[in-house]
Amino acid sequence: MIYIFIVLVVIVAVLVATNIRIIPQSHAAVIERLGAYCKTWEVGLHVKVPFIDRIANKISMKEKVLDFPPQPVITKDNVTMMIDTVVYFQITDPKLYTYGVEKPINALENLSATTLRNIIGDLELDQTLTSRDVINTKMRSILDEATDPWGIKVNRVEVKNIIPPEAIKEAMEKQMRAERERREAILIAEGQKQSAILVAEGKKQSLILEAEAQKEAAVQKALGEAQAIREVQQAKAQGIAMLREAKADAAVIKLRSLEALEKAADGQSTKIIIPSDLQNLSGLVTTAAELAKK
């Protein structure tokens, strides 16, 4: 009896030990009882009923990344190219993931390929090459909605590579080269235009400054001549005023007139002398005689 009891205790201990499960963080387990879904184990310690319960599926709840191989797609303008995508997804419902679809990863890959073909089929080549964000957003929305019954949440979809045919690549390279040459020609023309404008502006400023300088010189010259004339006239006026203040008589005035005539007659050329006192004929004769002697 003792041996039987020991054997039974050992069997029970083995059964208990083999039916205790610890579910780690970010994991879950789907439990079936007699072939039907029973419950989902979350994080922690769990015990299943021997020979009745079984673990149907162990699932990681972490976000996963699927890098799908390049898929051939045809654009709206009938250009065939290769596009590969990367899908970031996470399992949100272990029960739906287990029972929703057979081979969920393969189903997600095929769904991604067909969705990509549908989206690219509505775009032309240029739109396809420049609309990565639009493609990513549309694919994420469609895949997320389609995978809800499978317990999958699609967080993000990225178009990894877009590979056009070689002929299209060559045409694009020629177009890019022509565009770069056009931009270079425009920049050169703009530079030459700016240079010509600056040269013309410089000449214009130089002519303006030269004209201003000539104008200033003429003004200063005129001011100097006017000042000289004023000073000469002021000197003459002062001389006359001094004579008047001295109350010079007729003899002094005649003497000053003779001195002036003497200076005027001093020269090699013939001079016609008109005395200031035309009424005094004797003075004219005397003056002529004196000049003849000299």
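Predicted model only: the values in this text are computed from it and were never measured.

Here strand 7 (residues 71-74) shows a clear split, with Gln-71 and Val-73 buried on one side and none of Pro-72 and Ile-74 buried on the other. For strand 7 and strand 8 (residues 80-91), the ladder comprises four bridges, and the chain directions are antiparallel. When the sheet's bridge partners are listed, Pro-72 is paired in strand 8 with Met-82. Counting the residues between successive antiparallel strands, the hairpin from strand 7 to strand 8 contains five residues, one of them, Asn-78, with a positive phi of roughly 65°.

Attention now goes to the side chain of Asp-84. For Asp-84, the position within the fold is in strand 8. Beyond its immediate stretch of four places on either side in the chain, Asp-84 contacts Phe-68, Pro-69, Pro-70, Glu-158, Val-159, Lys-160 and Asn-161.

Axis separation between helix 3 (residues 104-121) and helix 5 (residues 132-146) bottoms out at 10 Å; the angle between their running directions is 135°. The angle between helix 3 and helix 5 places the two elements in the oblique class. Two packed elements cross with a definite hand, and for helix 3 against helix 5 that hand is right-handed. Residue-level contacts link Leu-111, Ser-112, Thr-115, Leu-116, Ile-119 and Ile-120 of helix 3 to Ile-135, Lys-138, Met-139, Ile-142, Leu-143 and Ala-146 of helix 5. Of the residues belonging to the contact of helix 3 with helix 5, the class tally is nine nonpolar, two polar and one charged.

With that settled, the discussion passes to the nonpolar core. Core analysis: the biggest nonpolar cluster contains 31 residues, and Ile-83 and Ile-135 have the highest contact counts within it. The set of elements that each furnish at least two residues to this core consists of strand 2 (27-33), strand 8, helix 3, helix 5 and strand 9 (152-163). Ranked by the residues each element gives to this core, the list is headed by helix 3, at six residues. Beyond its immediate chain neighbours, meaning those up to four positions away, Ile-135 contacts Leu-116, Ile-119, Ile-120, Leu-123, Thr-128 and Val-159.

Now for the environment of Leu-129. Mapped onto the secondary structure, Leu-129 falls in helix 4 (residues 125-130). For the pair formed by Leu-129 and Pro-164, sequence separation is 35 residues and the distance between their alpha carbons is 9.1 Å.

Within a sheet, neighbouring strands are paired by backbone hydrogen bonds and run either parallel or antiparallel to one another. Pairing is antiparallel in the open sheet, where three strands are placed in the order 3-2-5. Taken across any chain shown, the strands that pair with only one partner, and hence form the sheet edges, are strand 3 (36-41) and strand 5 (53-60). Between one strand axis and the next, the sheet turns through 25° on average, direction left out of account. Sheet analysis places strand 2 next to strand 5, joined by seven bridges and oriented antiparallel. The residue bridging Ala-29 from the neighbouring strand is Lys-58, located in strand 5.

A few words on the environment of Val-47. Position of Val-47 among the secondary structure elements: in strand 4 (residues 44-47). Taking relative accessible area as the criterion, Val-47 reaches 52% and is therefore assigned exposed. The spacing of Val-47 and Asn-19 is 28 residues in sequence and 5.6 Å in space, taken between C-alpha atoms.

The next point concerns the pairing of strand 3. Bridge count between strand 2 and strand 3: five bridges; the pairing is antiparallel. Across the sheet, Ile-31 pairs through a bridge with Lys-39, a residue of strand 3.

Enumeration over the complete set of coordinates arrives at eight salt bridges. Ionic pairing is found between Lys-160 and Asp-67, a salt bridge with its closest N-O pair at 2.9 Å. Of this pair, Lys-160 sits in strand 9 while Asp-67 sits in strand 6 (residues 64-67); the two residues are 93 residues apart in sequence, bridging distant segments of the chain. In this structure, the salt-bridge partner of Arg-182 is Glu-179, at a minimum N-O distance of 2.6 Å. Here Arg-182 pairs with Glu-179, and both are found in helix 6 (residues 166-246), just three residues apart, close to one helical turn. Judged by relative accessible area, which is 28%, Glu-179 ranks as partly exposed. By sharing partners, the salt bridges in this structure join Arg-140, Asp-144 and Lys-153 into a single network.

A positive phi is found at Phe-51, a non-glycine position, where the angle reads about 65°. Within the secondary structure, Phe-51 sits in the loop between strand 4 and strand 5. Taking relative accessible area as the criterion, Phe-51 reaches 74% and is therefore assigned exposed. Residue Asn-78 is not a glycine yet carries a positive backbone phi of 65°. By the element assignment, Asn-78 lies in the loop between strand 7 and strand 8.

Conventions we followed
Residues numbered from 1 in each chain as written. Predicted model: local features only at pLDDT ≥ 70, side-chain atom pairs only at ≥ 80, totals over all residues. Heavy atoms only, no water. Buried < 20%, exposed > 50% of the residue type's maximum accessible area, 1.4 Å probe, protein only. Helix = DSSP H or I, 4+ residues; strand = E, 2+ residues; numbered from the N terminus. Pairing = 2+ DSSP bridges. Contact = heavy atoms within 4.5 Å. Axes fitted to C-alpha atoms, helices over the stretch in contact; angles between N-to-C directions. Parallel < 35°, antiparallel > 145°, perpendicular 65-115°, else oblique. Left-handed = near helix turned anticlockwise from the far one by under 90°. Nonpolar A, V, L, I, M, F, W, Y, C, P; charged D, E, K, R; others polar. Core = buried A, V, L, I, M, F, W, Y, C linked by side-chain atoms within 4.5 Å. Salt bridge = Lys/Arg side-chain N within 4 Å of Asp/Glu carboxyl O.

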